[in-house]
Amino acid sequence: MELSTVINERRATRSLAPAIIDEAMVRRLAERASLAPSCFNKQPWRYVFVYGDAALTGLKTALNSPGNDWAQKASLITAVACRKEDDCVVKEREYYLFDTGMATALLLLSGTEMGLVMHPIAGFDENKAKDALGIPADHRLITLVIAGKKAVAADPILSESQRKAEAVRPERFSFNEFARIDRW
């Protein structure tokens, strides 16, 4: 699949069907994410790929946001963590979140190329998730990426607004709303 096709196909939909996840797939996702650039190649990102039944059940207890009930159908949840000490700080610019974001973007695109929906969420209890996964206290758990196959029909558990959002890609900002040429 061409990169432009993968980028255009990437959508954070919520209607999930089961996906078969295995260690080879997880290793491929990790390998691709690992190729992201980072400040002085420090690679601050840390991922926990959760697809075993018991581990998924334990982690899903941290999905406490009512708007994220759909995430209970995940076949894979990837915890994305990092810490400032593992990356550059240049004149007060902390790169760890930026670098981890770039690696995670590659993870999302790679999952999309594999036919998965890759949906990062913020609606979770960070401490509960870190406890369930054994993530050290000094790491920030930035997001959980919910993954599965795209379901054919909208999940009835979704709210009306969520069902509408499934049908059409949300509008993107126009060029002039987020980009400039030569000067702000």
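Our structure is the block above this text.
These notes cover the structure that comes with them.

Considerations on the pattern of salt bridges
Tallied over the full model, the rule gives 8 salt bridges. The salt bridge involving Arg 27 is made with Glu 23; its shortest N-O contact spans 2.8 Å. With Arg 27 and Glu 23 both in helix H2 (residues 23-34) and 4 residues apart, this pair spans about one turn of that helix. With relative accessibility at 44%, the residue Glu 23 sits in the partly exposed group. Here Arg 83 and Asp 86 are joined by a salt bridge, their closest N and O atoms 2.9 Å apart. Overlapping salt bridges, with partners in common, bring together Arg 83, Asp 86 and Asp 138 in one network.

Digging into the layout of surface pockets
Of the pockets and cavities examined, the largest pocket occupies roughly 220 Å³. Forming the walls of the largest pocket are Arg 10, Arg 11, Ala 12, Thr 13, Arg 14, His 119, Ala 165, Glu 166, Arg 169, Pro 170 and Arg 172. When grouped by side-chain class, the residues that make up the lining of the largest pocket number 3 nonpolar, 2 polar and 6 charged. For the second largest pocket, the full set of lining residues is Glu 9, Arg 10, Arg 11, Thr 13, Thr 112, Gly 115, Leu 116, Val 117, Met 118 and Lys 150. Grouping the amino acids of the lining of the second largest pocket by side-chain chemistry returns 3 nonpolar, 3 polar and 4 charged.

As for the state of the cysteines
In total, this model carries 1 disulfide according to the counting rule given. Just so you know, Cys 82 is unpaired, no disulfide at all, and the nearest cysteine sulfur is the one on Cys 88, 13 Å from it.

A few points about the packing of aromatic side chains
For the structure on display, the rule yields 2 aromatic pairs. Measuring from ring centre to ring centre gives 5.9 Å for Tyr 47 and Phe 49, while their planes differ by 40°; the resulting arrangement is tilted. Each member of the pair, Tyr 47 together with Phe 49, is buried. Positioned above the aromatic ring of Trp 184, the side-chain terminus of Arg 180 is 5.5 Å from the ring centre.

Let's talk about the pairing of strand E6 (residues 117-121)
Buried residues dominate E6, accounting for 4 of its 5 residues. Where E6 lies against strand E7 (residues 140-150), 5 bridges are found, and the strand directions are antiparallel. The residue bridging His 119 from the neighbouring strand is Ile 146, located in E7.

Cut-offs used in this document
Residues numbered from 1 in each chain as written. Predicted model: local features only at pLDDT ≥ 70, side-chain atom pairs only at ≥ 80, totals over all residues. Heavy atoms only, no water. Salt bridge = Lys/Arg side-chain N within 4 Å of Asp/Glu carboxyl O. Helix = DSSP H or I, 4+ residues; strand = E, 2+ residues; numbered from the N terminus. Buried < 20%, exposed > 50% of the residue type's maximum accessible area, 1.4 Å probe, protein only. 1 Å grid on protein atoms, 1.4 Å probe; cavity = no way out; pocket = protein on both sides within 12 Å on 5 of 7 lines; lining within 4 Å. Points joined across faces, edges and corners; volume = space filled by probe spheres on them. Nonpolar A, V, L, I, M, F, W, Y, C, P; charged D, E, K, R; others polar. Disulfide = S-S within 2.5 Å. Phe/Tyr/Trp six-rings, centres within 6.5 Å; stacked < 30°, edge-to-face > 60°. Lys NZ or Arg CZ within 6 Å of the ring centre and 35° of its normal. Pairing = 2+ DSSP bridges.

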